[in-house]
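Architecture and fold: a report
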Amino acid sequence: QQAALSLEQQAALSLELLPTDPLLLILSFLDYRDLVSCSYLNRRLNQLSSHDPLWKRHCKKYWLISEEEKSRRNQGWKAIFISTYSDLGRYIHYYATLKKAWDDLENYLGQWCPRMISSLKESVREEDLDAVEAQIRCKLPDDYRCSFRIHNGQKLVVPGLMGSMALSNHYRSEDLLDIDTAAGGFQQRLGLKQCLPLTFCIHTGLSQYMALESVEGRNKYEIFYQCPDQMARNPSAIVMFITGTSYLEWFTSYVNKVVTGGYPIIRDQIFRYVHDKDCVATTEDITVSVSTSFLPELSSVHPPHYFFTYRIRIEMSKDVLPEKACQLDSRYWRITNAKGDVEEVQGPGVVGEFPIISPGKVYEYTSCTTFSTTSGYMEGYYTFHCLYNKDRFFNVTIPRFHMVCPAFKVSTA
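Here is a short report on the structure shown in this document. (Residues numbered from 1 in each chain as written. Predicted model: local features only at pLDDT ≥ 70, side-chain atom pairs only at ≥ 80, totals over all residues. Heavy atoms only, no water.)

1. A look at the environment of M316
- Examined against the element boundaries, M316 turns out to sit in strand β13 (residues 306-316).
- M316 sits in the buried class, given a relative accessible area of 2%.
- Sequence separation between M316 and L54 is 262 residues, and the spatial gap between their C-alpha atoms is 58 Å.
- Not counting residues up to four positions away in its chain, the partners in contact with M316 are D285, I286, K324, A325, C326, I357, S358, P359, G360 and K361. (Helix = DSSP H or I, 4+ residues; strand = E, 2+ residues; numbered from the N terminus. Buried < 20%, exposed > 50% of the residue type's maximum accessible area, 1.4 Å probe, protein only. Contact = heavy atoms within 4.5 Å.)

Here's what the structure looks like:
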């Protein structure tokens, strides 16, 4: 021990003899915890570790503090780091990721869905989150708490921040619940023990839940849609359609899909249709593309009934002559489930319409299908006739598109 102590003293002495600039360069590579530890070694390192520019990197890395924010606060980098840490220190491994997600989302909404911005609620305080934990007698995960220190979810309005879906007379729009509303919906009943709702749709009553404990076959912090087991004798038997393994993964992956244009914006709402970029087919001057979505609220595992909706976009190139205008007459579908069973469907028009497609024009419609297996695919063609030559008919390919049910867990009840 004496030898080790002597070596430490020699190392400290040799460091102390180094010129200031090399020492500052060494210190600039340290993380904030090591920088603080260095301040306790000797007087010189204590002075150097307080060198304000050393703390700029940590402020930007962990708290996303910009030069403009620093000027507004009128504080040094170290003072900003310490004051922010004293408030949000327990979230240091989550804050930057979640703050960037929220900032990206707000910037995107401001451009594409401006009226949704006003539905976002201000942040909550630590004591508010502590009070909710005391109310539900369960700990909230730090990534969830951190997100609510940035925004306290959303007001119960339409459209919902977590996406919409419209199909014939069925409509869903999910709000991100604020902390008090979520706590009011905390579940202790059989089938949903210790589950906290994250979202809510005022039209369907649908929620996504987060399991706060590993009970009833769920993993801790798993996020899911509930689905009653219609064939179980126990009415509390709940099957899970899993949507996330943690709040951080669930929220940031959704935001990334939104801000990268992965979901279409329709009438100032985010619609959760997923488009496969390879799922596009062009025949002559007409391009057909498809996006799909799984509807958990209309699906069940027992009995097997998996409900999907798909959105078709038909577009004619704007560079062709007006004489290329045509009208859709009929459709043909070849539908194949995971077992290889094939169903063929042929009929007039699409959703009761016979759209006319002309140069630069787009026609979109939504329809649905169900499978008795967890996945399947569809493909086919539309038959058109030319408006300026009604004797000319031609087929336009509908690209093959796959539909896959999300992972699920069967009830243990």
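2. Remarks on the pairing of strand β1 (residues 164-167)
- Of the pairings in the sheet, the one linking β1 to strand β2 (residues 170-173) comprises four bridges and is antiparallel in character. Note on β2: the bridge partner recorded for S164 is S173.
- Connecting β1 to the antiparallel partner β2 that follows it, the hairpin turn spans two residues, and S168 within it adopts a positive phi of roughly 55°. (Pairing = 2+ DSSP bridges.)

3. Considerations on the sheet that holds strand β17 (residues 362-371)
- Pairing is antiparallel in the open sheet, where four strands are placed in the order β11-β12-β13-β17. On the outer flanks of this sheet lie β11 (274-283) and β17, each paired with one strand and no other. For this sheet, the mean angle separating the axes of adjacent strands, direction not counted, is 20°.
- As defined by bridge partners, β11 adjoins strand β12 (residues 286-294) across six bridges and the pair is classed as antiparallel. Its bridge partner being in β12, V274 is matched across the sheet by T292. (Axes fitted to C-alpha atoms, helices over the stretch in contact; angles between N-to-C directions.)

4. Considerations on the packing of helix α8 (residues 95-112) against helix α13 (residues 247-259)
- As a packed pair, α8 and α13 sit with axes 10 Å apart at the nearest point and diverge in direction by 30°. In this view, α8 runs roughly parallel relative to α13, as classed from their interaxial angle. The crossing of α8 and α13 is left-handed. Of α13, the residues touching α8 (which contributes T97, L98, A101, W102, D104, L105 and Y108) are L248, F251, T252, V255, V258 and V259.
- When its residues are assigned to classes, the contact of α8 with α13 shows 10 nonpolar, two polar and one charged. (Parallel < 35°, antiparallel > 145°, perpendicular 65-115°, else oblique. Left-handed = near helix turned anticlockwise from the far one by under 90°. Nonpolar A, V, L, I, M, F, W, Y, C, P; charged D, E, K, R; others polar.)

5. Observations regarding a nonpolar patch on the surface
- Nonpolar side chains collect at one region of the surface, where L156, V158 and I202 lie side by side and expose about 240 Å² of accessible area between them.
- A residue is classified by how much of its surface remains accessible, and V158, at 35% relative accessible area, is partly exposed. (Patch = residues over 30% accessible without salt bridge, like charges linked within 9 Å, V, L, I, M, F, W, Y side chains within 5 Å. Areas by Shrake-Rupley, 256 points an atom, 1.4 Å probe, with all protein chains shown as cover. Salt bridge = Lys/Arg side-chain N within 4 Å of Asp/Glu carboxyl O.)

6. Thoughts on unusual backbone geometry
- In the segment running from V158 into P159, the intervening peptide bond is cis, with an omega of 10°.
- With respect to the helices and strands, P159 occurs in the loop between α11 (142-150) and β1.
- With phi around 55°, Q194 is a residue other than glycine that occupies positive phi space.
- Structurally, Q194 can be placed in the loop between α12 (179-184) and β4 (195-197).

7. Focus on the packing of helix α5 (residues 56-63) against helix α7 (residues 77-88)
- It is at 8 Å that the axes of α5 and α7 come closest, and there the two elements cross at 35°. For the pair α5 and α7, the sense of crossing is left-handed. Contacts between α5 and α7 pair K56, H58, C59, K60, Y62 and W63 from the former with W77, I80, F81, T84, Y85 and L88 from the latter.
- When grouped by side-chain class, the residues that make up the contact of α5 with α7 number eight nonpolar, two polar and two charged.

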